[in-house]
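Structural overview
For reference, the chains in residue letters:
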Amino acid sequence: MAVYTDVSDEELAAFVAGYDIGQVLSVKGIAEGVENSNFLLHTERGFYILTLYEKRVRQDDLPFFIGLMDHLARRGIICPEPVRMTSGETLGRLAGRPAAIVTFLDGIWVKRPTATHCRGVGSALAAFHKAGADFPIQRPNNLSLSGWRPLFEQAGDAADRVAAGLTDRTATALAELERDWPTGLPQGVIHADLFPDNVFFIGTKLSGLIDFYFACNDALAYDLAICLNAWCFEADGAFNLTKGQALIDGYEAQRTLTPAEVAALPILCRGSALRFMLTRLVDWLNVPPGALVKPKDPLEYDRKLAFHRRVSDARDYGLRR
Ligand SMILES: Nc1ncnc2c1ncn2[C@@H]1O[C@H](COP(=O)(O)OP(=O)(O)OP(=O)(O)O)[C@@H](O)[C@H]1O
Ligand SMILES: N[C@@H](CCO)C(=O)O
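In this text, all values refer to a predicted model and were calculated from it rather than measured experimentally. (Residues numbered from 1 in each chain as written. Chains lettered and ligands numbered in written order. Predicted model: local features only at pLDDT ≥ 70, side-chain atom pairs only at ≥ 80, totals over all residues.)

Topic: the overall build of the chain
Cut-off, in case you're wondering: The way it works is that DSSP assigns letters per residue, a run of H or I at least four long becomes a helix, a run of E at least two long becomes a strand, and they are numbered from the N terminus. Radius of gyration here uses only the C-alpha atoms, and the compact-globule reference equals 2.2 Å multiplied by the residue count raised to the power 0.38. Exposure is read from a count of other C-beta atoms within 10 Å of each residue's own; the residue is exposed at 12 or fewer, buried at 20 or more and partly exposed in between. C-beta atoms are placed from the backbone. By the convention adopted here, residues make contact when the C-beta atoms placed from their backbones lie within 7 Å.
Counting its secondary structure elements, the chain contains 10 helices and 9 strands. Over its C-alpha trace the chain gives a radius of gyration of 20 Å, about what one expects of a compact globule, namely 20 Å for 321 residues. By principal-axis analysis of the C-alpha atoms, the chain measures approximately 55 × 45 × 35 Å. Expressed as a percentage of the 321 residues in the chain, the buried residues total 37%. In the chain, once contacts between residues fewer than 6 apart in sequence are set aside, the share between residues at least 24 apart is 73%.

Following this line, the structure appears as structure tokens:
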């Protein structure tokens, strides 16, 4: 459940009065998501999402996240658009938390994406990269290479309680990545968490992207690697080449990968698999007693990492040239 903070009717009415969106008709907590408190807000003007930013989101990062949604929406990316208060601000405070109201997007996320969905995601990812090119605020990726060893150390030997040999396997993969991680690839704003639960569809047509709270500046092709991991593996752990082809084709229909990006794709996929394995592992080992949120399985990404360590060529992901 992702409603950590209670908001009284009076507090909410006072907050909403700062906007030109009419009176509150109803408000409902949203169970999905784990980071922030999200509410579906129905006012006289329609539906909105109210987000209260909880502890894990650094307040200094909020102008980047909110500014980015605003920037992307102005450039035709379908994403939540921050609603301005009558004062012109997009970020306020509610129940002791920073808070924002954004537009509601229609659509649902797909639990079993097809190749058609993957093509749409590839295309939307490239459009996002192009639209972010002139976004003026910078935010480093603190969950890239330099962030992985601290996470690994945080897990320590407890990793072997999750699966035998996990500590050694991870140590080897991490050392290889530290040695070989590519530099000099085209950089820009990346989403960094474009998993199926952050992409809405109406039927097979992509209807919007959400959850920009890991967005940062990094190699654009790393974002594609994250999507290959998140969208193109089957439940039985097999990589689906048809989905990989569709994702890459969709991407390249909007933005052609450079030769250096193509060459780097296997190592970027390894890095991205390690990143999600490590964050999941640390969360898995630190589930607070009585938590209602079920931690995600780190071993899913341990298996994906093993797959990528056997790959040497981007054609194994579906690149057709
Ligand atoms: N603009 C929007 N329009 C419609 N629904 C939305 C919108 N923003 C968020 N939601 C709903 O709220 C849920 C949680 O949103 P989001 O993923 O941003 O939360 P989070 O707490 O940051 O989660 P995560 O754990 O995925 O980082 C989404 O799954 C979706 O159902
Ligand atoms: N998408 C991440 C969770 C962060 O929102 C994961 O699957 O591990």
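Digging into helix α9 (residues 259–285)
Spelled out, the test is: Here the expected span of a helix is defined as 1.5 Å times the quantity of residues minus one. Consider a residue and the seven residues that end there alongside the seven that start there; fitting an axis to each set, the bend is the angle between those axes.
With 27 residues, α9 extends 40 Å from end C-alpha to end C-alpha; this agrees with the ideal 39 Å at 1.5 Å per step. Along its length, α9 reaches its greatest deviation from straightness, about 50 degrees, at leucine 265, and the proline proline 266 lies no more than four positions downstream.

Examining the environment of lysine 304
Take lysine 304: it is sitting in helix α10 (residues 298–310). Take lysine 304: there are 24 C-beta atoms within 10 Å of it, and that puts it in the buried class. Along the backbone, lysine 304 and alanine 115 are 189 residues apart, and their C-alpha atoms lie at a distance of 19 Å. If we ignore the near neighbours within four places in the chain, the residues touching lysine 304 are Asn229, Phe233 and Ala273.

Some thoughts on the pairing of strand β3 (residues 46–52)
The criterion, for reference: Only when DSSP finds a minimum of two bridges between them are two strands counted as paired.
Note that strand β2 (residues 37–43) and β3 share 7 bridges and pair antiparallel. Each bridged residue has a counterpart across the sheet, and for phenylalanine 39 the counterpart in β3 is leucine 50. The turn linking β2 back onto β3 is made up of 2 residues. With 5 bridges joining them, β3 and strand β5 (residues 97–103) adopt antiparallel strand pairing. Considered in β5, the bridge of leucine 52 is made with alanine 99.

Focus: the site of ligand 2
As a reminder, the rule being used: Each residue receives a C-beta atom placed from its backbone. It is near a molecule or strand if this atom lies within 6 Å of it. Charged means Asp, Glu, Lys or Arg here, nonpolar means Ala, Val, Leu, Ile, Met, Phe, Trp, Tyr, Cys or Pro, and polar covers whatever is left, Gly included.
Taken together, Asp193, Phe195, Phe276, Thr279, Arg280 and Lys296 make up the full set of residues adjacent to ligand 2. When its residues are assigned to classes, the shell around ligand 2 shows 2 nonpolar, 1 polar and 3 charged.

Points about the domain arrangement of the chain
What counts is decided by this rule: Domains are outlined according to an automatic or database domain assignment.
For the chain, the domain assignment lists domain 1 (9–103) and domain 2 (115–317). Once you take the C-alpha centre of each, domain 1 and domain 2 turn out to be 27 Å apart. Opposite the 18 residues of domain 1 that make contact, domain 2 presents 16 residues. Among the residues forming the side of domain 1 that touches domain 2, the class breakdown is 12 nonpolar, 3 polar and 3 charged.

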